[in-house]
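Remarks on the overall topology
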Amino acid sequence: METGIRTMAPNAQTTSPDPAVFPVETQKFGSINVRSDQIIYLEPGLLGFTQYHRYLLIEHKREAPFLWLQCLDKPDLAFVVIDPRFLLSDYQPGPLPQVMRELEVERSEDLKMLVILTIPPGKPQEMTANLMGPVVINLKTRQGRQLVLEDAHYNHKHRVLPG
């Protein structure tokens with residue numbers, strides 16, 4: 001049963017009047033109800049998890065900058081993610097214009113960009129963000145993919161909290 005879990009809102013422009021709702025079992029959140037218009041499709045999947053394509057964004061806490069990227073096909077697969085501009089206001093991955101064309105993003109505000117966090121067990125103060133592998137999502141179509149950057153300006157273990 002879903003209890004107080006807030007998922008990323010569906011896009012009002014692409015929401016059908018009566019989207020299908022189905023329960024999904026997750027390890028972290030238990031059973032949650034998912035609307036078909038909330039599903040994010042990542043092709044070809046995330047690095048190391050290319051066999052999984054369907055995800056849902058779930059708020060961590062109401063005012064927190066963190067989200068959960070929950071896999072809908074593997075109950076124990078969920079990633080803590082954050083908008084990279086929360087960490088670096090000038091974050092700008094190089095191939096973004098090309099990716100926007102490929103994902104058919106018409107306006108920049110329809111593009112959601114997230115980076116995956118790594119939080120060592122028992123040491124949350126040492127959490128890092130993978131700035132070299134942002135996940136970009138077209139909010140209108142719910143299609144997305146993970147980029148692999150080769151820009152030496154960013155690294156895959158960017159400290160989130162001051163050390």
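Scroll up to find the structure this text is about.
All of these numbers come straight from a predicted model, not from anything done at the bench. (Residues numbered from 1 in each chain as written. Predicted model: local features only at pLDDT ≥ 70, side-chain atom pairs only at ≥ 80, totals over all residues. Heavy atoms only, no water.)

With respect to the side chain of Thr-128
Note that Thr-128 resides in strand β8 (residues 128-129). Note on Thr-128: relative accessible area 11%, which makes it buried. (Helix = DSSP H or I, 4+ residues; strand = E, 2+ residues; numbered from the N terminus. Buried < 20%, exposed > 50% of the residue type's maximum accessible area, 1.4 Å probe, protein only.)

Observations concerning the pattern of salt bridges
Scanning the model with the defined rule gives 7 salt bridges in all. Between Lys-74 and Asp-76 there is a salt bridge whose closest N-O contact spans 3.2 Å. With relative accessibility at 26%, the residue Lys-74 sits in the partly exposed group. Residue class for Asp-76 comes out partly exposed when judged on its relative accessible area of 45%. Across the pair Arg-107 and Glu-109 runs a salt bridge, and its minimum N-O distance is 3.4 Å. (Salt bridge = Lys/Arg side-chain N within 4 Å of Asp/Glu carboxyl O.)

Points about the packing of aromatic side chains
Counted under the stated rule, the structure contains 3 aromatic pairs. Note on Phe-49 and Phe-79: the rings are 5.4 Å apart at their centroids and 75 degrees apart in plane angle, and the pair reads as edge-to-face. Remark: Phe-79 occurs in strand β6 (residues 78-82) and Phe-49 occurs in the loop between β3 (40-42) and β4 (54-59); sequence separation between them is 30 residues. The exposure class assigned to Phe-49 is partly exposed, which follows from its relative accessible area of 27%. Residue classification places Phe-79 among the buried positions, given a relative accessible area of 13%. (Phe/Tyr/Trp six-rings, centres within 6.5 Å; stacked < 30°, edge-to-face > 60°.)

With respect to the environment of Leu-87
Turning to its location among the elements, Leu-87 is positioned in helix α1 (residues 84-87). Separated by 74 residues in the primary sequence, Leu-87 and Leu-161 have C-alpha atoms spaced 9.1 Å apart. With sequence-adjacent residues up to four places away left out, Leu-87 is seen in contact with Ile-82, Ala-129, His-158 and Val-160. (Contact = heavy atoms within 4.5 Å.)

What to know about unusual backbone geometry
The linkage connecting Glu-43 with the following residue, Pro-44, adopts the cis geometry, with an omega of 10 degrees. The residue Pro-44 is located in the loop between β3 and β4 in this model. Of note, the phi angle at Glu-104 is positive, near 60 degrees, even though the residue is not glycine. Among the secondary structure elements, Glu-104 is positioned in the loop between α2 (96-102) and β7 (111-118). For Glu-104, a relative accessible area of 60% gives the class exposed.

Things to note about the environment of Val-136
Of note, Val-136 is situated in strand β9 (residues 135-138). Distance from Val-136 to Lys-112, taken between C-alpha atoms, is 5.6 Å for residues 24 residues apart in sequence. If near-sequence neighbours (up to four positions away) are discounted, Val-136 is found in contact with Leu-96, Val-99, Leu-103, Leu-111, Lys-112, Met-113, Gln-143, Gly-144, Arg-145 and Leu-147.

Remarks on the pairing of β6
Along any regular strand, the residues point their side chains to alternate faces of the sheet. Counting buried residues along β6, 4 of its 5 residues qualify, which places the element largely inside the surrounding structure. Judged from the 5 bridges that link them, strand β5 (residues 66-71) and β6 form a sheet pairing that is antiparallel. Bridge pairing in β6 places Leu-69 opposite Phe-79. Where β6 and β7 come together, 2 bridges link them in antiparallel fashion. Along β7, the bridge assignment pairs Val-81 with Ile-116. (Pairing = 2+ DSSP bridges.)

Some thoughts on the pairing of β7
Across the 8 residues of β7, 6 count as buried, placing the element largely inside the fold. For β7 and β9, the ladder comprises 4 bridges, and the chain directions are antiparallel. Across the sheet, the residue bridging to Lys-112 is Ile-137, located in β9. In terms of strand pairing, β7 meets β8 through 2 bridges, oriented antiparallel. What sits directly across from Thr-118, in β8, is Thr-128.

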